[in-house]
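Descriptive structure summary
Each chain, letter by letter, is given below.
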Amino acid sequence: MSAESPAAPGQFAHRRQQFRAWRGSRPFWAGLFVLISGLPIMYFPYAHLQLGGLTIAMATTAGAGSLIIGVLLVVLGITLWFQKHVRTFAGVAAILLGLVSLPVSNFGGFIIGFLFALFGGAMAVSWAPGVPPAEEPAKQDTTGEGGSPEATDYDTTDYDTTLLRPVDPVGEPNDLSGTSPVNGANGRHSAG
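Worth saying up front: this structure is predicted, and the values here are computed from it rather than measured.

Before going further, it helps to spend a moment on the confidence of the model for the chain. Residues at a pLDDT of 70 or more form 64% of the chain, whose mean pLDDT is 77. When pLDDT is averaged over each element of the chain, helix H6 (residues 112-126) comes out on top at 94 and strand E3 (residues 152-155) at the bottom at 55.

Now the structure itself:
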């Protein structure tokens, strides 16, 4: 007998689908990019590189500023995951903090953190929640003679239901394009 207990059948797939649904309902990738951007910005000013026997310290005079910018970017990334309604504010703040990190923290974490902050902030600002698909109403058979579609118009006399009735083929022309020689446009469109 094994010490491991097998997972319930399909539990991994169910959890993966739950995570996928959660991820799809918020600016997940924008939050991840913003969160990752804070790591090099707050790490490099405190890092000491060893090259053989030579120690290179990249500490700057604005080490505390780099730490604050990095922590704020990490917090903004987590905020984008759990508070999706502040996505515009968090995106603009991430872009501004990325720009401020250029002079303050070793060229924005050697450009890595700066670029992640810009891309993540732009993705957060441009993200919009999806609209669930609406159910389509049942289509009525509106074919005319020979299988061609029949022209229909809405009947507005009854406000409870929408009835489709055939358009009167006799009468004034039904050209809504504005290019009919009758209305004098002759293919010209008005910009106003």
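Note that strand E1 (residues 48-51) and strand E2 (residues 54-57) share four bridges and pair antiparallel. Bridging across to E2, Leu51 finds its partner in Leu54. Between E1 and E2, which follow one another and run antiparallel, lie two residues, and Gly52 among them has a positive phi close to 65°.

Turning our eyes to something else, we now look at the nonpolar core. A general tendency of soluble globular proteins is for nonpolar side chains to be buried together. Counting residues in each nonpolar core, the largest one holds 13 residues, and the members touching the most others are Val34, Ile69, Leu73, Leu76, Leu80, Ala94 and Leu97. For this core, the elements supplying multiple residues, two or more each, are helix H2 (28-43), helix H3 (63-82), helix H4 (87-104) and H6.

With the rule as written, the count across this model stands at nine aromatic pairs. On the basis of an interplanar angle of 90° and a centroid distance of 5.6 Å, the ring pair of Phe19 and Phe28 is categorised as edge-to-face. Looking at Phe28, the relative accessible area reads 12%, which means it is buried. When the centroid spacing of 5.4 Å and the interplanar angle of 35° are considered together, the rings of Phe33 and Phe116 count as tilted. Highlighted residues: Phe33 in helix H2 and Phe116 in helix H6, separated in sequence by 83 residues. We classify Phe116 as partly exposed; its relative accessible area is 27%.

Before going further, it helps to examine H4. Working note: α-helix, 3.6 residues per turn, so residues spaced by three or four point in the same direction. Along its 18 residues, H4 runs 25 Å from first to last C-alpha, staying within 8% of the 26 Å computed at 1.5 Å per residue. Of the residues making up H4, those classed as buried are Ala90, Gly91, Ala93, Ala94, Leu97, Gly98 and Ser101. Down the axis of H4, the smallest arc covering the buried residues is 165°, so these residues share one side. Within H4, the exposed residues directed more than 90 degrees away from the buried face are Phe89 and Pro103. Structurally, H4 contributes buried residues whose contacts are with H2, H3, helix H5 (106-110) and H6.

A rise of 1.5 Å per residue sets the reference length of H2, with its 16 residues, at 22 Å; its end C-alpha atoms lie 23 Å apart and thus fit the reference within 8%. Those residues of H2 that fall on the buried side of the exposure criterion are Phe28, Ala30, Gly31, Val34, Leu35, Ser37, Gly38, Pro40 and Ile41. Elements that come into contact with the buried residues of H2 comprise helix H1 (11-24), H3, H4, H5 and H6.

Our next topic: the packing of H2 against H3. In contact at an axis separation of 7 Å, H2 and H3 are set at 165° when each is read in the N-to-C sense. When the axis of H2 is compared with that of H3, the two are roughly antiparallel. Of the two elements, H2 crosses H3, and the hand of that crossing is left-handed. Residues Phe28, Ala30, Gly31, Leu32, Val34, Leu35, Ser37, Gly38, Leu39, Ile41 and Met42 of H2 form the contact with H3, whose participating residues are Ser66, Leu67, Ile69, Gly70, Val71, Leu73, Val74, Leu76, Gly77, Ile78, Leu80 and Trp81. Class assignment of the residues belonging to the contact of H2 with H3 gives a composition of 17 nonpolar, six polar and no charged.

Okay, the side chain of Ser37 next. Locating Ser37 in the fold gives a position in helix H2. Looking at Ser37, the relative accessible area reads 0%, which means it is buried. A distance of 2.6 Å separates a polar side-chain atom of Ser37 from the backbone oxygen of Val34. Excluding residues within four positions of it along the chain, Ser37 makes contact with Leu73, Gly113, Phe116 and Ala117.

It is worth spelling out a nonpolar patch on the surface at this point. On the surface, Trp29, Phe107, Ile111, Leu115, Phe119 and Met123 cluster together to form a nonpolar patch covering roughly 600 Å² of accessible area. Broken down by element, the nonpolar patch gets its largest block of residues, three residues, from H6. Following the sequence through the fold, Trp29 ends up in helix H2. Residue class for Trp29 comes out partly exposed when judged on its relative accessible area of 45%.

Here is what the cut-offs are and how they apply
- Residues numbered from 1 in each chain as written.
- Predicted model: local features only at pLDDT ≥ 70, side-chain atom pairs only at ≥ 80, totals over all residues.
- Heavy atoms only, no water.
- pLDDT = per-residue confidence, 0-100.
- Helix = DSSP H or I, 4+ residues; strand = E, 2+ residues; numbered from the N terminus.
- Pairing = 2+ DSSP bridges.
- Core = buried A, V, L, I, M, F, W, Y, C linked by side-chain atoms within 4.5 Å.
- Buried < 20%, exposed > 50% of the residue type's maximum accessible area, 1.4 Å probe, protein only.
- Phe/Tyr/Trp six-rings, centres within 6.5 Å; stacked < 30°, edge-to-face > 60°.
- Expected span 1.5 Å × (residues − 1).
- Arc of directions from axis to C-beta.
- Contact = heavy atoms within 4.5 Å.
- Axes fitted to C-alpha atoms, helices over the stretch in contact; angles between N-to-C directions.
- Parallel < 35°, antiparallel > 145°, perpendicular 65-115°, else oblique.
- Left-handed = near helix turned anticlockwise from the far one by under 90°.
- Nonpolar A, V, L, I, M, F, W, Y, C, P; charged D, E, K, R; others polar.
- Polar contact = N/O pair within 3.5 Å; in protein donor to acceptor, adjacent residues only side chain to side chain.
- Patch = residues over 30% accessible without salt bridge, like charges linked within 9 Å, V, L, I, M, F, W, Y side chains within 5 Å.
- Areas by Shrake-Rupley, 256 points an atom, 1.4 Å probe, with all protein chains shown as cover.
- Salt bridge = Lys/Arg side-chain N within 4 Å of Asp/Glu carboxyl O.

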